[in-house]
Amino acid sequence: MANRAISVSSIERSERDVMPLVKLMTIAAWALLGIGLVLSLLNINHFSDRNASLMVGVGFMVGSVHIYVIRTAIHLVHSRAASKAE
């Protein structure tokens, strides 16, 4: 059993790549918005708080906005950190 020594200076600090996460969150936000619109438009004839499908559709639309805002915040923080590093 051989022991190997590794110096800390040889290991570079790796930056986290958030672009796949940003793209995934963008796709998820648009998909949830589409699902919410379809559910809401299909069940708009009985416009009431007792219409569960309409309320779920509105919930999907509100959730998609929250996901998109979080995605935008992640993207802005990462791009600002990258610009300061340069």
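As the structure is a prediction and not an experimental result, all values here were calculated from the model.

1. Some points on the overall build of the chain
Inference 1: Scanning the chain for helices and strands turns up 2 helices and 0 strands.
Inference 2: In the chain, the proportion of contacts linking residues at least 24 apart, taken out of those at least 6 apart, comes to 61%.
Inference 3: With an accessible surface of roughly 7,200 Å², the chain has 65% of that area assigned to carbon and sulfur atoms.

2. What to know about the packing of aromatic side chains
Inference 1: Applying the stated criterion across every chain, the model contains 0 aromatic pairs.
Inference 2: The cationic tip of Arg 71 hangs over the ring face of Tyr 68; the distance from NZ or CZ to the ring centre is 5.1 Å.

3. Focus: the packing of helix H1 (residues 19-42) against helix H2 (residues 52-85)
Inference 1: Two elements in contact, H1 and H2, have axes whose closest approach is 8 Å; the angle formed by their N-to-C orientations is 160 degrees. Considered as vectors, H1 and H2 are oriented roughly antiparallel to each other. Between H1 and H2 the crossing geometry is left-handed.
Inference 2: Its residues assigned to classes, the contact of H1 with H2 comprises 20 nonpolar, 7 polar and 1 charged.

4. Topic: the environment of Tyr 68
Inference 1: Considering the arrangement of structural elements, one finds Tyr 68 in helix H2.
Inference 2: What makes Tyr 68 partly exposed here is its relative accessible area of 33%.

5. Side note on the side chain of Thr 26
Inference 1: Within the secondary structure layout, Thr 26 lies in helix H1.
Inference 2: What Thr 26 contacts, discounting residues up to four positions off in sequence, is Tyr 68 and Arg 71.

6. As for the UniProt feature "transmembrane region" (unreviewed entry) in the chain
Inference 1: Per the UniProt record, "transmembrane region" (unreviewed entry) is found at residues 21-42 and 54-74.
Inference 2: The distance separating the terminal C-alpha atoms of residues 21-42 is 31 Å; by composition the span is 100% helix and 0% strand.
Inference 3: Across residues 54-74, the secondary structure splits into 100% helix and 0% strand, with the terminal C-alpha atoms separated by 31 Å.

7. Observations regarding the side chain of Arg 71
Inference 1: For Arg 71, the position within the fold is in helix H2.
Inference 2: Asp 17 is the oppositely charged side chain nearest to the buried, salt-bridge-free Arg 71, at an N-O distance of 12 Å.
Inference 3: Setting aside its immediate chain neighbours within four residues, Arg 71 contacts Val 22, Met 25 and Thr 26.

Rules used in this analysis
- Residues numbered from 1 in each chain as written.
- Predicted model: local features only at pLDDT ≥ 70, side-chain atom pairs only at ≥ 80, totals over all residues.
- Heavy atoms only, no water.
- Helix = DSSP H or I, 4+ residues; strand = E, 2+ residues; numbered from the N terminus.
- Contact = heavy atoms within 4.5 Å.
- Areas by Shrake-Rupley, 256 points an atom, 1.4 Å probe, with all protein chains shown as cover.
- Phe/Tyr/Trp six-rings, centres within 6.5 Å; stacked < 30°, edge-to-face > 60°.
- Lys NZ or Arg CZ within 6 Å of the ring centre and 35° of its normal.
- Axes fitted to C-alpha atoms, helices over the stretch in contact; angles between N-to-C directions.
- Parallel < 35°, antiparallel > 145°, perpendicular 65-115°, else oblique.
- Left-handed = near helix turned anticlockwise from the far one by under 90°.
- Nonpolar A, V, L, I, M, F, W, Y, C, P; charged D, E, K, R; others polar.
- Buried < 20%, exposed > 50% of the residue type's maximum accessible area, 1.4 Å probe, protein only.
- UniProt positions renumbered as here; feature names shortened; annotations may be inferred.
- Lys, Arg positive; Asp, Glu negative; His and termini not counted.
- Salt bridge = Lys/Arg side-chain N within 4 Å of Asp/Glu carboxyl O.

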